[in-house]
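# Summary of structural features
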Amino acid sequence: MINQVRHPIWITTAKRPTARVFAILFGIESMARAIITSVVPIQTYDLLQSERSVSILYTCMSMLGLISTLSIPLLIVRIPRRWVYTAGVASLIFGCCAFALDTLPGQAAGLFLRTFGAGTLSITLSLYIMDHIKKGELVRAESVRMATATLAWTGGPFLGVFLYTRVGMIAPFLLSIGFSLLLLTLFWYFRLSDNPALQKGPSRPANPIANVRRFVVQPRLRLAWLIAFSRSCYWSTFFVYGPILMVATGQGTLAGGLLVSLGNLFLLGSILWGKVGMAKGLTRTISGVFVLLAAALIGAGLAGEAFPMLAAVMLLFGAFFCVAIDTLGSATFIRAVHPHERAQMTAVYRTYLDFSEILPAFFYSIILTFFQLGAIFIALASLMVFTAVVVWRYLPRGL
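What you are looking at is a predicted structure, and each value in this text was computed from that prediction instead of being measured.

Our next topic: the overall build of the chain. Looking only at helices and strands, the chain has 19 helices and 0 strands in total. Sorting the 399 residues of the chain into buried and exposed places 56% on the buried side. Looking at the chain alone, contacts between residues at least 24 apart form 86% of all its contacts between residues at least 6 apart. When the accessible surface of the chain is summed, it comes to about 17,000 Å², and 69% of that surface belongs to carbon and sulfur atoms.

Shown next as structure tokens:
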């Protein structure tokens, strides 16, 4: 009798995980992925010796990753969320093992496993955040989370390339596996709950096609997806073609890793951008940042392979502005999604990452057939301008 009375009281008064807990998990996950972020495109380029072939491989693997991402809710409704998160970490580990083979099949398998692992971790962590962080605290919590990842994304890419070139091909992958194991240990230590008592309302069937239809008919979710997609297109281009630009123009692999690390250093500005967003409003801040991002991309495109260091500087300016969207963009989705369909809508929303690797890589493979590398940056700038206009026109002013 005593246990039956005290159990629900414990559930309702238990201390919820704070933003700090999610920031720690995100920081360790970021380190596991950041270490090989610059290594993977350089290794792929070394294997294929062609920017166009790299784009084609990324497109194919991203399409498989998209299918797997849409199926993640099928896992979440059948398996406790903590085990789905664990499967995501395991995918990162096995992906590193595949990359360490240094073969084309291994590279393809590694890209798929890395995409699936990142998608699984992103969806499950987002669900935990929506369960435990109040909507009014989201912008501040996201600022803290992004700032915590600064060390990982600043030092990780350069460290990974340094180990790849100076210690051995397998070294960065072993280090990434180490951080993945640390992430798994901390996750189980924090014992995050997906108890049904903390969920609101009935859950919709986890039919991927029905979920997509449900997502598409909601204008605010479509807009949140476009914001995330455009932002992710910049980062995927920066992470893949920034290092390739440095290698192809003779600047060296270390220069490619340093470029990505310096770009991620701007994550320190997450807290600043969070304050700007709260002071000026999300609509004005996000739309203005997209315009500035387009200007930086046009500068990088005009510099191109003729002036690679100038192009790198312009890409760094773009990274500074893109951090603002990293900090503020997710709030547009979290404030729009209904609590009872979070898992399903989060899986569809998360496809922005897959599409941001599929579509740019596909179009870049065509562009690079006729033009030099700088042309892809100018093409990407047009997307940024389009997104700025849509955000200014349709994002509610009250956000």
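For the rest of this paragraph, the subject is the nonpolar core. Within the largest apolar cluster, 116 residues are counted, with the highest numbers of intra-cluster contacts made by Y234, F238 and F333. No other element matches the 18 residues that helix α12 (residues 219–248) contributes to this core. Counting contributing residues per domain, this core is built from domain 1 (15–196) and domain 2 (206–398), each supplying no fewer than three. Those residues in contact with F238 that sit more than four places away from it in its chain are P243, L259, V260, G263, L315 and L316.

Let us look at the pattern of salt bridges. All told, the structure shown has 2 salt bridges when counted by the stated rule. One salt bridge in this structure joins E29 and R33, with 3.3 Å as the shortest N-O distance. Linking E29 with R33, this pair stays in helix α2 (residues 19–34), spanning 4 residues, or about one helical turn. R33 matches E29 in its accessibility class, with the two residues each being buried.

This next bit is on the packing of α2 against helix α10 (residues 171–190). When two helices pack together, their arrangement is given by the angle between their axes and by how far apart the axes lie. Running from amino to carboxyl end, α2 crosses α10 at an angle of 160°, the nearest separation of the two axes being 8 Å. By the angle between their directions, the pair α2 and α10 is classed as roughly antiparallel. Remark: the crossing between α2 and α10 carries left-handed chirality. Contact residues: α2 offers V21, I24, L25, I28, E29, M31 and A32, while α10 offers S176, F179, S180, L182, L183, L186, F187 and F190. Looking at side-chain class alone, the contact of α2 with α10 contains 12 nonpolar, 2 polar and 1 charged residues.

The end-to-end C-alpha distance of α2, which contains 16 residues, comes to 21 Å, matching closely the 22 Å that a straight helix rising 1.5 Å per residue would cover. In terms of residue burial, α2 counts as a mostly covered element, since 13 of its 16 residues are buried.

Before going further, it helps to examine the packing of aromatic side chains. Scanning the entire structure with this criterion turns up 19 aromatic pairs. Ring centres 5.5 Å apart and planes at 20° place the aromatic pair W235 and F239 in the stacked group. Highlighted residues: W235 and F239, both in helix α12, separated by 4 residues, approximately one helical turn. With a relative accessible area of 7%, W235 lands in the buried category. Overall, F239 belongs to the buried group, its relative accessible area being 16%. We note R81 situated over the ring of Y128; from NZ or CZ to the ring centre the distance is 4.7 Å.

On to the packing of α12 against helix α19 (residues 374–394). With their axes 10 Å apart at the nearest point, α12 and α19 run at an angle of 160° to one another. Relative to α19, α12 is oriented roughly antiparallel. In this structure, α12 crosses over α19, and the sense of that crossing is left-handed. In this structure, α12 uses L223, L226, I227, F229, S230, C233, Y234, T237, Y241 and L245 to contact α19, whose residues at the interface are I376, F377, L380, L383, M384, F386, T387, V390, V391 and Y394.

On to a nonpolar patch on the surface. Taken together, the side chains of F158, F162, V167, L258, L262, L265 and L268 make up a nonpolar region of the molecular surface, amounting to roughly 590 Å² of accessible area. Tracing the sequence through the fold places F162 in helix α9 (residues 150–167).

Cut-offs and rules
- Residues numbered from 1 in each chain as written.
- Predicted model: local features only at pLDDT ≥ 70, side-chain atom pairs only at ≥ 80, totals over all residues.
- Heavy atoms only, no water.
- Helix = DSSP H or I, 4+ residues; strand = E, 2+ residues; numbered from the N terminus.
- Buried < 20%, exposed > 50% of the residue type's maximum accessible area, 1.4 Å probe, protein only.
- Contact = heavy atoms within 4.5 Å.
- Areas by Shrake-Rupley, 256 points an atom, 1.4 Å probe, with all protein chains shown as cover.
- Core = buried A, V, L, I, M, F, W, Y, C linked by side-chain atoms within 4.5 Å.
- Domains from an automatic or database assignment.
- Salt bridge = Lys/Arg side-chain N within 4 Å of Asp/Glu carboxyl O.
- Axes fitted to C-alpha atoms, helices over the stretch in contact; angles between N-to-C directions.
- Parallel < 35°, antiparallel > 145°, perpendicular 65-115°, else oblique.
- Left-handed = near helix turned anticlockwise from the far one by under 90°.
- Nonpolar A, V, L, I, M, F, W, Y, C, P; charged D, E, K, R; others polar.
- Expected span 1.5 Å × (residues − 1).
- Phe/Tyr/Trp six-rings, centres within 6.5 Å; stacked < 30°, edge-to-face > 60°.
- Lys NZ or Arg CZ within 6 Å of the ring centre and 35° of its normal.
- Patch = residues over 30% accessible without salt bridge, like charges linked within 9 Å, V, L, I, M, F, W, Y side chains within 5 Å.

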